[in-house]
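Geometric and topological summary
Chain by chain, the residues run as shown.
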Amino acid sequence: MKCLLIASESAEVLFYWTDPEFQQNIQQQYGSSQEEGQGLPAFEDSISTLFAPIIISCSTMVDRLGDSYTSFTTENNHIYVLHQFDECLYIAVNGDGEEGEDALRRKIYVMKKMIEVRFGMVTLSSNLLRRELRPQDTEQRARLWKHLQGLLETYSHLRENDQSFLVEAVERLIHPTLCEQCIEFLERRLVQQLNSSAERAGEEVLHAFILVHTKLLAFYSSRNASSLATSDLLALIIMAQNMYPSNVDQDDPGPEVGKFQKPRTRHHHKMFSTSGSGPESFYTPEPSPTDRDSSSSGGLCRRMAEDSLQALEVPPPDPSTPRRVFLEISGKDGLYPMMPHSLYCLPLWPGITLVLLTKIPTSAVALSVYKFLEAFAKLEKCLNGGQEGSAAARGQLAIHDIRSKLDKFIKASQQNCWMILLNSLRSCLYFYFYSLIPWCKNMKTQLCGIYRQCFLIDSGPGDFPQRLSPRLQERAQTMAQEKLMDWKDFLLVKSKRNITMVSYPDFPGLIHFICVDRSTGQMIAPSLSTTERTTSELGKGPVAQFIKNKVWSLVSTTRNFLRKGYSTVTLRDGDFYFCYFLWFENEMGYKLEAGDIPLLPDDSAPIGMLAWDYYSRKLLRYYSKNHQGEVVRCYELLTVHLGVIPTEIILQHCRQLASKLWEPSRNPLL
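Residues numbered from 1 in each chain as written. Predicted model: local features only at pLDDT ≥ 70, side-chain atom pairs only at ≥ 80, totals over all residues. Heavy atoms only, no water.

If you check an unreviewed UniProt entry, the chain appears there as HPS1 biogenesis of lysosomal organelles complex 3 subunit 1 from Scophthalmus maximus.

See the structure below:
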C-alpha cells in the first residue's frame, strides 16, 4: 500500500506512482460508487478525488495560518507525509507498515532531486514546471510519467538492497591494478579519441566511468571538467540502472549485449511499472494455484495493474539518443547548479555499463541565465527587506547593472531562438520599474522560459543533431568491450563479493561494518548476500537477511541520533552490539577534537548525500568555522559485533578498523 503524488494547489495531478495494492484499493473504493452499466472512472480522476480534500486543506492552512501539517496517521494506520515545494505539493503514503515517516520524507526529497536532474532550472518556475510535469499531449505525459515512475522504483529497489544507497555513498570495486588500467584507458584512448573526432557535433566528453552493477570500476574527468558532486553521481547511477537494470543474483553473466540493445525489464517484487526507457514487456506476477481464480483479490490486483500499464504503453526511445541531465558544476566564483549535460549509457554486457557525460555547445547560456536569476533574486530580496525609499534607490542601481549585463549577453550571443526573448526582457525593464517585486518574479519566469527553450525543447527535424553520432558511440562501446573482454566474468563475480570479512581476521567477533568517507562520498563495506544461491561468511539467505535487516535498522537509528546532535552511538540488541562513530580529521589524517553537531528539526531534509548533501552543505561548514584555513574531512563508521565480545575490545576494534580501512589507498574516488 504505497503511493507518491505531486499535485498543484488546485488539486491537479502533476505526477503519481502507486503499487498494485494501493491501486486496487482505490479502484474498489471508487468503482463501487459507479452506477450499474458504467465503467470504472479513470484512475487519475479517482486519485485526484481521493487527495483533493488533503490538498485543499493544506492550501487553506497556508493561506490563513501561514503554516501546514507535515505528516499525519489515519485510523487505519496509513501514514501520510507532505511537503510543499513552491506551488507543488508532494504527498507520500504508506499503508503496509513497511515505511515510516523518515523513509517517506526521504522518498519525497529523492523524487524532487530526480525531477531537478531531469528539468533543471525550469523547476525554479512553478508555472513552467507544472506544464512540464503534465504535458497536454497524453502520449507524451504517459512517457514522462512512466520514466519518472521507473526512476522512483529503481531508487526504492536500490535503497532496499544496496548498501551504497542505504548510506548514500558510492562504492568502488576494489582491484587497484585493474582500476588503474581502466582509468588510463579512459584517459589516453577513449576520451581522447572521442573529443578529437569530427562526429562529436560540438560536444565534449567531460566525465567517463564504468559501472559494474552499481559499483564504480573506474572514473575519469577531463582537465576542463569540474568535480562531479556525489549527489549527482548517485542520481546518474539510478538513471543507468533504470535504463539497464542489473540482476546481481544471476550467476551466469549471460550473452553479450549488442550495439544499443534495448534495456532489459526488471522483474522484482512489488513494482507497479517497469523502468521508463526499456522495452515494453511489463511485470506480471507468477501465477499460483490459489491465484488462478479471476474472481480472487490477487487476480483482480494483477489485472488492474496490467490494464493500467497497457494504458501507459509508449514506444521505446532510440537507445543512441542521450538523456539531457542538469548537474552542478564548480566555477571560479562558486557553484552553479543544474547546468545542462548529455548522458550516454552504453551497455557492454548485462551488469556492466560505460557512462559518458558530455558538455553541450550552448552550456554557456545556462551559466548566464543562472547568474541573471541570482541577480533578480538578490534584487527581490533587497526590495523586500528595506524601506520604500531606500529600496527603490537600491533597486534602480541593481536594474542598471542587470541591463548592462543583458546588453553584453545579447551582443555576445548568436542564437535567434533566445535573442528575441532576451530583447523582450530588456524592454520590460522600463515597464515594470514602479512595481519592482512583481517585475522580478516575472523576469525570473521569463529567464526560466529561455532556459526551457534552449535545453528542454527537442530540436526540429531540420536542425543538426547536437550529440555524439551513433557510429561514434558504437566505437566507444567496442573499445571498452575489447578492453574488458577477459575481465567481464571476474568483474560480475567480484561485484557480488567485493570485500569479505575473511579479509579482516584481526577482528574476532566483528560481523559487519560500513565505513564512509563523507568528504569524497565513497564507502567500504563487506558484501551482504541474502540469496539462497550464494554462500558467504554469514551463511545462506535467512541468516544474511537477518543481519541485513539489523544493519538497515541501525542506519536509520543512527540518523535519528545524528539529527539530535549525537556523533557516537552504542546499542545492545539481543545477541548483537552496534556502534556508530562520526569524527573529523585534517588533511594529514590527524583526528580533530569533537565538536558540537548542529541540531535538525524532525521535518528537515533527510540526512544523506543524494537528495541533499547534509555532510558538505551543513555538517562540514558548521564544524569548519572553528578550523579556518584548514581542510577538514568527515568519516563515519558503523559496526556490528557479537554481544559476547567485551565492550573495551569492541571499541578497540573500531579504532583499529577506522585507521586500517583507508591506509591501503588514500586515493580519492573522483
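**Some thoughts on the overall build of the chain**
Selection rule: Here a strand is any run of E in DSSP of at least two residues, a helix any run of H or I of at least four, and the numbering for each starts at the N terminus. Think of it in three bands: with a 1.4 Å probe and only protein chains considered, a residue is buried below 20% of the maximum accessible area for its type, exposed above 50%, and partly exposed in between. The contact criterion used is simple: two residues touch if any of their non-hydrogen atoms lie within 4.5 Å. Computed with a 1.4 Å probe, the accessible areas rest on the Shrake-Rupley method; for each residue, only the protein chains presented here act as cover.
Along the chain, the regular secondary structure elements total 18 helices and 16 strands. Here the chain, with 670 residues, has 53% of them falling under the buried criterion. Of all intrachain contacts in the chain linking residues separated by at least 6 positions in sequence, the fraction that spans at least 24 positions is 69%. Accessible area for the chain stands at about 30,600 Å²; split by element, carbon and sulfur atoms hold 50% of it.

**So, the pattern of salt bridges**
The condition is simple: The salt bridge criterion pairs a side-chain nitrogen of Lys or Arg with a carboxyl oxygen of Asp or Glu, the two atoms within 4 Å.
Here the structure, examined in full by the defined rule, presents 23 salt bridges. Here Glu171 ties to Lys215 by a salt bridge, and the two come within 3.9 Å at their closest N and O atoms. In this pair, Glu171 is assigned in strand β6 (residues 170-171) and Lys215 in strand β8 (residues 215-221), connecting sequence segments 44 residues apart. For the pair shown, Glu171 and Lys215 are each scored as buried. Each of the salt bridges in this network shares a partner with another, and the network as a whole consists of Glu12, Glu44, Arg134 and Arg141.

**Quick word on the packing of helix α7 (residues 176-195) against helix α14 (residues 470-484)**
Packed helices, taken two at a time, are described by the angle their axes make and the gap between the axes. Defined as follows: Here the axes come from fitting lines to C-alpha atoms, over the contacting stretch only for helices, and the angles between their N-to-C directions go from 0 to 180 degrees. Each angle is binned into one of four classes, with values under 35 degrees roughly parallel, values over 145 roughly antiparallel, values of 65 to 115 roughly perpendicular, and all other values oblique. In this scheme the crossing of two helices becomes right-handed for a clockwise turn of the near helix relative to the far one and left-handed for an anticlockwise turn of less than a right angle.
The geometry of α7 relative to α14 is characterised by a closest axis approach of 11 Å and an angle of 160° between their N-to-C directions. The angle between α7 and α14 falls in the class roughly antiparallel. Read as a crossing pair, α7 and α14 show a hand that is right-handed. On α14, the residues that touch Gln181, Cys182, Phe185, Arg189, Leu190, Gln193 and Leu194 of α7 are Leu472, Arg475, Ala476, Met479, Ala480, Lys483 and Leu484.

**Things to note about the pairing of strand β12 (residues 510-517)**
This is how the line gets drawn: Any two strands with at least two DSSP bridges between them are considered paired.
Most of β12 is tucked away: eight of the eight residues are buried. Two elements, β12 and strand β16 (residues 632-642), share seven bridges in a ladder whose sense is antiparallel. Looking across to β16, one finds that Leu510 is bridged to His641. In this sheet, strand β13 (residues 522-524) lies alongside β12 in antiparallel orientation, the contact comprising three bridges. Along β13, the bridge assignment pairs Cys515 with Ile524. Two successive antiparallel strands, β12 and β13, enclose a turn made up of four residues, where Gly521 displays a positive phi of approximately 75°.

**Details of the sheet that holds strand β11 (residues 352-359)**
Taken in spatial order, the five strands line up as β8-β7-β11-β10-β9 in an open sheet, and their pairing is antiparallel. Two strands in the sheet have a free side with no partner beyond their single neighbour: β8 and β9 (323-331). Taken over all neighbouring pairs, the strand axes of this sheet differ in orientation by 30° on average, direction set aside. One ladder, built from eight bridges, connects strand β10 (residues 334-349) with β11; its direction is antiparallel. Counted as the bridge partner of His341 is Lys359 from β11.

**Description of helix α8 (residues 230-243)**
Test applied: Multiplying 1.5 Å by the residue count of a helix minus one yields the expected span of that helix.
An ideal rise of 1.5 Å per residue puts 20 Å on 14 residues; α8 measures up with 20 Å between its terminal C-alpha atoms. Along α8, 14 of the 14 residues are buried, which leaves the element largely enclosed by surrounding structure.

**Digging into the sheet that holds strand β1 (residues 2-8)**
Spatially, the five strands line up as an open sheet ordered β2-β1-β5-β4-β3, and their pairing is antiparallel. Two strands in the sheet have a free side with no partner beyond their single neighbour: β2 (13-18) and β3 (71-73). This sheet shows a mean twist of 10° between the axes of neighbouring strands, independent of strand direction. Relative to strand β5 (residues 88-94), strand β4 (residues 79-85) runs antiparallel, the two being bridged by seven bridges. Across the sheet, the residue bridging to Val81 is Ala92, located in β5. Packed on one face of the sheet, helix α3 (residues 101-119) meets β1, β2, β3, β4 and β5 and runs near 35° to β4.

**Some details on the side chain of Thr639**
Relative to the elements of secondary structure, Thr639 occurs in strand β16. Not counting the four nearest positions on each side in its chain, Thr639 is found in contact with Leu510, His512, Phe513, Leu554, Tyr577, Phe578, Cys579, Cys654 and Leu657.

**Thoughts on the environment of Val81**
Mapped onto the elements, Val81 comes out in strand β4. Along the backbone, Val81 and Thr70 are eleven residues apart, and their C-alpha atoms lie at a distance of 5.8 Å. Beyond its immediate chain neighbours, meaning those up to four positions away, Val81 contacts Thr70, Ser71, Tyr90, Ile91, Ala92, Glu101, Leu104, Arg105 and Ile108.

**Description of unusual backbone geometry**
Positive phi values are uncommon outside glycine, yet Ala11 reaches one of about 70°. Within the secondary structure, Ala11 sits in the loop between β1 and β2. A relative accessible area of 10% means that Ala11 is categorised as buried. With a phi angle near 55°, Asp86 is a residue other than glycine that sits in the positive phi range. Its location among the elements puts Asp86 in the loop between β4 and β5.

**Here's the deal with the nonpolar core**
Where we set the bar: To define a nonpolar core, start from buried Ala, Val, Leu, Ile, Met, Phe, Trp, Tyr and Cys residues and group those joined through side-chain atoms within 4.5 Å.
Ile6, Phe51, Ile91, Met111, Leu236 and Tyr451 are the most contacted members of the largest nonpolar core, which has 104 residues in total. Ignoring anything within four residues of it in the chain, the contact list for Ile6 reads Glu12, Val13, Leu14, Phe15, Cys88, Leu89, Tyr90, Met111, Ile115 and Leu133. Counting 35 residues, the second-largest nonpolar core is a separate cluster that includes Leu166, Phe576, Leu592 and Leu600.

**Describing the confidence of the model for the chain**
What counts here: Residue-level confidence of the predictor, termed pLDDT, takes values from 0 up to 100.
Model confidence for the chain is summarised by a mean pLDDT of 81, while 76% of its residues fall at 70 or above. Counting contacts from residues 251-312, a segment whose pLDDT is below 50, to residues more than four positions away or on other chains yields 129 contacts. In this model, residues 459-464 is a region of pLDDT below 50 whose contacts with residues beyond four sequence positions or in other chains number one contact.

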